[in-house]
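Notes for the structure review
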Amino acid sequence: MDRLHTSVRRYAWGSTTALPGLTGEAPDGTPQAELWMGAHPVAPSRVERAGCLRPLDEVIAADPAGELGDALVRRFGPRLPFLVKLLAADAPLSLQVHPDAAQAADGYAREDAEGVPLDAPHRNYRDAQHKPEMVVALGPFEGLCGFRPPRQCADLLDALGVAELAGFSAGLRAGPGERALREAFSALLAPPPGLVADVAGALAAVAGRPGPWREACAAYDRVARARPGDPGVLAALMLRYVRLAPGEALFLGAGVPHAYLRGLGLEVMAASDNVLRCGLTEKHVDVPELLRVIRFAAGEPEEPRPVPGEGGEEVYPVPVDDFRLSRLVLDGRGGARGLCGDAPQILVCTEGRVDLEGAADRVVLTPGRSVYAPAGEEVRASGRGTLFRVTVPAPAPSAAPTPVSASASAPRAHPHSGTN
């Protein structure tokens, strides 16, 4: 078991106070957006081995079977298949989607063949992996996720009272669902001059008076104020506004458009850096490629509810094999809880004080601190606090190992990228 030494990712949308408030450190006045815990080559955590700090990805590469276990290496290759983050947003993140596994592999191979450097700002596919993700709110958390039904989108556009939106609204009411969403979303990303500003003014007006769209328009109004003139403001109107209370979760599968707006959360995802953006960002935007992979299907956002697991764990069920997230709330009674070590795991404290005992050592975790335990090491947890555990689910008994290509098994480093 190794204490993780992590680094803060400083993006403009980050909060200056949320992460320091969690960890108890003094704010330094700059935005602190993400704290990465894992072995992704962009910002690998470091662990102490032989008296010195070493990047976790290098430690795993030196002994994949010893760190990950033979079974996991056969399933995912010689890499840690998940990445954990503490995310603190004080402004909207980019409007984005993630590719599925086939799209990621194809896109990665295509850009490699075209000679696009991995650290090029305009590169879309920085590895060959898909990027399903889930965020669990650690406080009030807001975001946009998934499409509303076309008629609801039209109702919102009509409520804004902007004459230039009438054509978009009519198309949403007339066409078949997926086609109507595609045509309106694509058109809103290429708006006529002045429309973004007109809509921004209308959002502020609707947000300021009672009505069914008041709460959602208040959120869109904050987006418009943060990104004045950005066409992504218009496209964002088609996405559902989501609010999470502490402990509630949001799962984002491939092709689901989304943008986090503000709040502190714990995020877990497949260890990938593939993001396709269409607005609300200064980073690379590739609307045609995003339109190729986005799924124009209306539906309720996936909000997994934790279910009881072994030893008092609460497990957040997700439809992917790259990660398993659970929460353990310790009340200081009942003795230590054993956390099975069949696969590697990352343990993160978000509240109180948690005492961890491994095969040869003990570690005390306070909020924002974490450890990595390799496969084969059972950890026992006690104390009074909240501990999140990330590992991989056991494979289904009938599942055959998935072949892993050499290009997909160990992504090359791309130090100048960032996931949001």
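Residues numbered from 1 in each chain as written. Predicted model: local features only at pLDDT ≥ 70, side-chain atom pairs only at ≥ 80, totals over all residues. Heavy atoms only, no water.

At their nearest, the axes of helix α6 (residues 150–160) and helix α7 (residues 166–174) sit 8 Å apart, and the two run at 160 degrees to each other. In this view, α6 runs roughly antiparallel relative to α7, as classed from their interaxial angle. Here the hand of the crossing between α6 and α7 comes out left-handed. Residues P150, R151, C153, A154, D155, L157 and D158 of α6 lie in contact with α7, whose contacting residues are F168, S169, L172 and R173. Within the contact of α6 with α7, the residues separate by chemical class into 6 nonpolar, 1 polar and 4 charged. (Axes fitted to C-alpha atoms, helices over the stretch in contact; angles between N-to-C directions. Helix = DSSP H or I, 4+ residues; strand = E, 2+ residues; numbered from the N terminus. Parallel < 35°, antiparallel > 145°, perpendicular 65-115°, else oblique. Left-handed = near helix turned anticlockwise from the far one by under 90°. Contact = heavy atoms within 4.5 Å. Nonpolar A, V, L, I, M, F, W, Y, C, P; charged D, E, K, R; others polar.)

Within soluble globular proteins, side chains that are nonpolar generally end up buried alongside one another. Ranked by internal contacts, the top residues of the largest apolar core, which has 54 residues, are L160, L165, F185, V199, L203 and M238. Among the elements that take part in this core, helix α9 (residues 195–207) stands out by supplying 7 residues, more than any other. When neighbours within four sequence positions are excluded, L160 is seen to be in contact with L165, V199, A202, L203, V206, C217 and L237. Formed by 37 residues, the second largest nonpolar core is a distinct cluster that contains M37, V47, F76 and V318. (Core = buried A, V, L, I, M, F, W, Y, C linked by side-chain atoms within 4.5 Å. Buried < 20%, exposed > 50% of the residue type's maximum accessible area, 1.4 Å probe, protein only.)

A rise of 1.5 Å per residue sets the reference length of helix α8 (residues 177–188), with its 12 residues, at 16 Å; its end C-alpha atoms lie 16 Å apart and thus fit the reference within 8%. Every buried residue belonging to α8 is among A180, L181, A184, F185 and L188, and all of these are buried. Looking straight down α8, one finds its buried side chains confined to an arc of 115 degrees; they lie on one side. (Expected span 1.5 Å × (residues − 1). Arc of directions from axis to C-beta.)

This part covers the packing of aromatic side chains. Inspection of every chain in the model, using the stated rule, returns 5 aromatic pairs. Ring pairing ties together the aromatic residues F147, F185 and F296, which thus form one cluster. Above the ring of W36, the side-chain terminus of R9 is found at 5.1 Å from the ring centroid. Cation over ring: K283 sits above Y11, and NZ or CZ is 4.5 Å from the ring centre. (Phe/Tyr/Trp six-rings, centres within 6.5 Å; stacked < 30°, edge-to-face > 60°. Lys NZ or Arg CZ within 6 Å of the ring centre and 35° of its normal.)

If you check helix α10 (residues 214–226), its first and last C-alpha atoms are 18 Å apart, about what 13 residues at 1.5 Å a residue would give, namely 18 Å. A216, C217, A219, Y220, D221, V223 and A224 are the residues of α10 that are buried. Lining the buried residues of α10 we find β9 (141–147), α6, α9, α11 (232–236), β10 (239–244) and β12 (258–270).

Bridge count for strand β4 (residues 46–49) against strand β5 (residues 52–55) is 4 bridges, and the pairing is antiparallel. Looking at the pairing, R46 lines up with P55 of β5. Between β4 and β5, which follow one another and run antiparallel, lie 2 residues, and A50 among them has a positive phi close to 55 degrees. (Pairing = 2+ DSSP bridges.)

Before going further, it helps to examine the pattern of salt bridges. Applying the stated criterion across every chain yields a total of 27 salt bridges. With its nearest N and O atoms 2.6 Å apart, the salt bridge here joins R262 to E142. Highlighted residues: R262 in strand β12 and E142 in strand β9, separated in sequence by 120 residues. The network of salt bridges with common partners includes D2, R49 and E67. (Salt bridge = Lys/Arg side-chain N within 4 Å of Asp/Glu carboxyl O.)

Attention now moves to the environment of D355. Along the chain, the position of D355 falls in strand β18 (residues 345–357). Residue classification places D355 among the partly exposed residues on the basis of a relative accessible area of 23%. Separated by 28 residues in sequence, D355 and G383 have C-alpha atoms that sit 5.6 Å apart. Here D355 is in contact with V363, V364, R380, A381, S382 and G383, once residues within four sequence places are set aside. Here R353 takes part through its side chain, which lies 3.2 Å from a polar atom of the side chain of D355. (Polar contact = N/O pair within 3.5 Å; in protein donor to acceptor, adjacent residues only side chain to side chain.)

Backbone geometry follows two general trends: most residues other than glycine have a negative phi, and most peptide bonds adopt the trans configuration. Despite not being glycine, A50 has its phi angle at roughly 55 degrees, a positive value. Mapped onto the fold, A50 is located in the loop between β4 and β5.

Attention shifts here to the environment of C153. When you line up the elements, C153 lands in helix α6. Note: C-alpha distance between C153 and L172 (19 residues apart in sequence) is 7.3 Å. Once residues within four sequence positions are removed from consideration, C153 is found in contact with R148, L172, L181 and M238.

For the rest of this paragraph, the subject is the side chain of D2. With respect to the helices and strands, D2 occurs in strand β1 (residues 2–3). Engagement of the side chain of D2 in a polar contact is seen with the side chain of R49, the distance being 2.8 Å. Look past the residues within four positions of D2 in its chain and what remains in contact with it is V47, E48, R49, S370, V371 and Y372.

On to the side chain of T391, then. Tracing the sequence through the fold places T391 in strand β21 (residues 379–391). Polar contacts involving the side chain of T391 include one to the main-chain carbonyl oxygen of P344, which spans 2.8 Å.

Residues of strand β3 (residues 34–37) alternate between two faces, with E34 and W36 on one and L35 and M37 on the opposite face, all of them buried. Here 2 bridges tie strand β2 (residues 8–9) to β3, and the two strands are oriented antiparallel to one another. Counterpart to R9 in the pairing with β3 is E34. Where β3 meets strand β6 (residues 82–89), 4 bridges bridge the pair, whose relative direction is antiparallel. Among the inter-strand pairings, L35 is bridged to a residue of β6, identified as L86.

By themselves, these figures tell us nothing about what the structure is for.
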